[in-house]
Amino acid sequence: MSVLTSVSGFPRIGQNRELKKIIEGYWKGANDIDAVRATAKELRARHWKLQQAAGIDLIPSNDFSYYDQMLDTAILLNVIPQRYQRLSLDEEGTLFAMARGYQGEAGDVTALPMKKWFTTNYHYLVPEFDAATEVRLNSTKAFDEFAEAKELGILTKPVFIGPYTFLKLARNSEAQELELDKGLVSAVADVYAQVLAKFIELGAEWVQLDEPYLVLDKEPGDVELFKSLYAKILPARKGAVKVLLNTYFGHIADVYETVNLLGFDGVGLDLNEGRDENLDAVDRYGVNSATTLFAGVVNGRNIWRNNYAVSLGLVDALKEKTPNVAVSTASSLLHVPFSTEGETGIAAEQLKHFAFAVEKLGELREIADLAGKDDAELKSDPALAANQTLFDGTRVAADPAVAARVAGLTDEDFVRQPARAERQKLQREALGLPLLPTTTIGSFPQTREIRAERAKLRKGEITKAEYDAFIKAQIDACIRHQEEIGLDVLVHGEFERNDMVEYFGQNLNGFLFTKNAWVQSYGTRCVKPPIVWGDVSRAKPITVEWSAYAQSKTDHVMKGMLTGPVTILNWSWPREDITHEQQTQQLALAIRDEVLDLESAGIRVIQIDEAALREKLPLRKSDWHVKYLDWAVPAFRLVHSAVKPTTQIHTHMCYSEFNDIIRDIDAMDADVISFEASRGDLVVLDAIHEAHFETEAGPGVYDIHSPRIPSEQEIEERIGEILAKMDVEKVWINPDCGLKTRGDAETWPSLEHMVAAARAVRARLAK
Ligand code: GLN
Ligand code: ZN
């Protein structure tokens, strides 16, 4: 019997980031919107055909997006705040204004806030309702794309963010959680019902509604909300279209019974994350006879080959409860790179261990085929046998030196002396900084010229010495410019780094690198995580020479710039044969060596970025400490515990949502933290206030994810808001993230405004 295969979503940026290039070209005025539309159409067709050729039964459509699928959903539901409507731009213009802000002839508006999508490094735009929001069906995108595929002879399964997840993630214009009245809930449900009706008309067989928010802890009213939405939506199926309720990134054990009773045609369960709880729930409550379970066995978030024997075991476990089992990706493949094809820099012996999106299609097909075979057939199946050899334990040997170092750690290695309050006094004297010190997060714009120079080095067109001289000139200019505009703590600009994680990985033992394994992070921004292949240790000093050079060029304090162990792991592809905790500890020891070398080289302020620490916080509260913080926070302390009291340790986080873990952030025992609160809400300031947060903090005074230039006035107001909640002695003034992705044209004026604002506030305070 053949088993149905389903893909939850496919990467849309293109094998060679075609979508990124054409959209950025459009923003710069290098090509028009028609060129964007044409490329988008080609990519969609190519991706559908690839899946068809791989033998996938349920191929997604509407997983394509110019920027973000949450933003598309907001537009679908006409949740477009007034300030964007008033610009009266065309369809794409409005979309990009919501995504990136707009500053031009039509007006001046900031972008919608952006947040990380569950535990991924993908950012979604936070939909915002305002008083004038009138929910109605407002977009034909999903229908058009379905028709486009149908014309190619491919009957797709349209996918949407479901109404429950949408409403739970949406905010009102005060950036607070939505008040959900009956009218609003039913208006939203009504749009989804209309969508189903339309797809019946268009001849769709399945529609997939993604409800990842179901894997989070439930608040009072959540289950009721979910039920009332679907009680209105499901009747619209009229027996003519099937609805797949898709969940991922965790388990839904706490609502499985409700979900099961509602009688969805399909229910997608993540059998990687939350596997045991999902299986227990199925075991306990059984499976509705109308429902097909979609076993999410192919991991959408790693790049390692699937272990077929494990996946078949999971399918078998479900089959004990129902004959209706399909195999699926555990989540959208949006979060993995396109294909291993062309990765010639990795030896074939190693590459065979990896499966990116395209290879995962093949895995899905093979698993489905194997799931249809009996035990005797499986015993002699060559595909299964070949797969098993990948997991026979011979992939990589352990490094005994790393093991010995880890075994030698004692409790003292995790505690810095003296206590922070004491250190802060000493540092203030030693560094001689003004009140409200100004600084940046580390990187300055990586211009085309810099990237071109790196490409030349790679191709052997210039020597290492020529490249280094070029980078030094960039550093010199950047330092001079920072001195000119009057920043207090300077940075060297990170021009030598392609990426804050890959750069470190390249100088550590145990990592592998790809040429083209890009993954979308937000909008057109992509990242290329390195792969942790074996045990990690530092091969040689990494940043010391650059930082020492930069410090030699200025009398100001020069901040050394490192990436922390949790972030290196979170933004790499981690191993699956040892725990994340073990891998993080190895990384912490490597970065600890670097911290101490920087200190010896005369660097007095060292920033250890933990940009991604918050991102991997488990979705369920009960898992926060035991499964994560209990080792992630000590790992950070291990990195810096051995420095002198006068050496100031900074950290940076690309996040502002740590109200609930504010004490854990404090327990990292950094001296200063900068974070990203400028696009988000200000609630975190209350949390800092209430928790008597000890770490000095710079809660970003402007948003670097938008090309907008903030005015001095605007920044002064923002500083005012911060000072209302924080002790002025503990406040730092900085942008909310690194400036790498911005251009010089907006960066320098923004920073000038920032410094001017800080000075104005200082002057006012001095009176
Ligand atoms: N130091 C890094 C930079 O400035 C931090 C980047 C980040 O937070 N993602 O680019
Ligand atoms: Zn950041």
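Above this text is the structure in question.
Keep in mind that this is a model prediction, so the values were computed, not measured.

Details of the site of ligand 1
- The immediate surroundings of ligand 1 are formed by I441, G442, S443, E494, M500, W571, D609, A611, H652, C654, C737 and G738.
- S443 has a polar side-chain atom sitting 2.7 Å from an oxygen atom of ligand 1.
- Between a nitrogen atom of ligand 1 and a side-chain N or O atom of E494, the distance comes to 2.9 Å.
- In the complex, 91% of the free accessible area of ligand 1, which totals 290 Å², lies under the protein chains.
- With respect to the pocket detection grid, ligand 1 is positioned in the largest cavity.
- Here the shell around ligand 1 is built from residues that sort into six nonpolar, four polar and two charged.

Details of the packing of helix α3 (residues 69-76) against helix α5 (residues 91-100)
- Between α3 and α5, whose axes approach to 11 Å, the crossing angle comes to 125°. Here α3 is positioned oblique relative to α5, judged by the angle of their axes. Considering how the two elements wind past one another, α3 and α5 form a crossing that is right-handed. Counted together, L71, D72 and I75 of α3 and L95, M98 and A99 of α5 form the full contact between these two elements.
- Split into classes, the residues belonging to the contact of α3 with α5 amount to five nonpolar, no polar and one charged.

Details of the pattern of salt bridges
- Applying the stated criterion across every chain yields a total of 57 salt bridges.
- The partner of K116 in a salt bridge is E615, with the nearest N and O atoms 2.8 Å apart. Placement of the pair is K116 in strand β5 (residues 114-116) and E615 in the loop between β21 (605-609) and α25 (621-640), with a sequence separation of 499 residues. Each member of the pair, K116 as well as E615, carries the same accessibility label: buried.
- Ionic pairing is found between R420 and D669, a salt bridge with its closest N-O pair at 3.8 Å. Of this pair, R420 sits in helix α18 (residues 420-431) while D669 is found in the loop between α26 (662-666) and β23 (672-675), placing the two residues 249 residues apart along the sequence. D669 shares its class with R420; the two are buried.
- Residues joined in a network through salt bridges with shared partners are R416, R420, R423, D666, D669, D671 and E694.

Examining the sheet that holds strand β24 (residues 696-699)
- Taking strand neighbours across the sheet as the criterion, the six strands line up as β15-β20-β21-β22-β23-β24 in an open arrangement whose pairing is parallel. Edge strands, defined here as strands with exactly one partner in the open sheet, are β15 (489-490) and β24.
- Across the sheet, helix α24 (residues 580-600) lies against β20 (557-563) and β21, angled at about 170° from β20, the strand it touches most.

Side note on the coordination of the zinc ion (ligand 2)
- Every protein donor of the zinc ion (ligand 2) is listed here as H652 (NE2), C654 (SG) and C737 (SG), and their distances to the metal cover 2.1 to 2.2 Å.
- One can describe the site at the zinc ion (ligand 2) as irregular: its four donor atoms subtend angles covering 82 to 123° at the metal.
- Each donor residue of the zinc ion (ligand 2) lies on the same chain, and together they follow the pattern H-x1-C-x82-C. Placement of H652 in strand β22 (residues 648-653) and of C737 in the loop between α28 (712-723) and α29 (744-766) is noted, with a sequence separation of 85 residues between them. Assigned by exposure class, H652 and C737 land together as buried.

Remarks on the packing of aromatic side chains
- Counted by the stated rule, this structure contains 30 aromatic pairs.
- With centroids separated by 4.9 Å and ring planes inclined at 45°, the aromatic side chains of F226 and Y230 adopt a geometry described as tilted. Residue F226 and its partner Y230 are both found in helix α9 (residues 222-233); the two are separated by four residues, about one turn of the helix. Y230 carries the same exposure label as F226, and that label is buried.
- Relative to F675, the ring of F658 has its centre 5.0 Å away and its plane inclined at 80°; by these criteria the two rings are edge-to-face. Taken together, the residues F658 in the loop between β22 and α26 and F675 in strand β23 connect sequence positions 17 residues apart.
- With a relative accessible area of 1%, F675 lands in the buried category.
- Members of the aromatic cluster, each reached through a chain of ring pairs, are W117, F118, Y124, Y164, Y213, F226, Y230, Y248, F249 and F264.

What counts and what doesn't
Residues numbered from 1 in each chain as written. Chains lettered and ligands numbered in written order. Predicted model: local features only at pLDDT ≥ 70, side-chain atom pairs only at ≥ 80, totals over all residues. Heavy atoms only, no water. Near = heavy atom within 4 Å. Polar contact = N/O pair within 3.5 Å; in protein donor to acceptor, adjacent residues only side chain to side chain. Areas by Shrake-Rupley, 256 points an atom, 1.4 Å probe, with all protein chains shown as cover. 1 Å grid on protein atoms, 1.4 Å probe; cavity = no way out; pocket = protein on both sides within 12 Å on 5 of 7 lines; lining within 4 Å. Sits in = over half its atoms within 2 Å of the grid points. Nonpolar A, V, L, I, M, F, W, Y, C, P; charged D, E, K, R; others polar. Axes fitted to C-alpha atoms, helices over the stretch in contact; angles between N-to-C directions. Helix = DSSP H or I, 4+ residues; strand = E, 2+ residues; numbered from the N terminus. Parallel < 35°, antiparallel > 145°, perpendicular 65-115°, else oblique. Left-handed = near helix turned anticlockwise from the far one by under 90°. Contact = heavy atoms within 4.5 Å. Salt bridge = Lys/Arg side-chain N within 4 Å of Asp/Glu carboxyl O. Buried < 20%, exposed > 50% of the residue type's maximum accessible area, 1.4 Å probe, protein only. Pairing = 2+ DSSP bridges. Donors = N, O, S within 2.8 Å, 3.2 Å for Na, K, Ca; no water. Tetrahedral: all angles 85-135°; square planar, octahedral: opposite > 155°, others 65-115°. Phe/Tyr/Trp six-rings, centres within 6.5 Å; stacked < 30°, edge-to-face > 60°.

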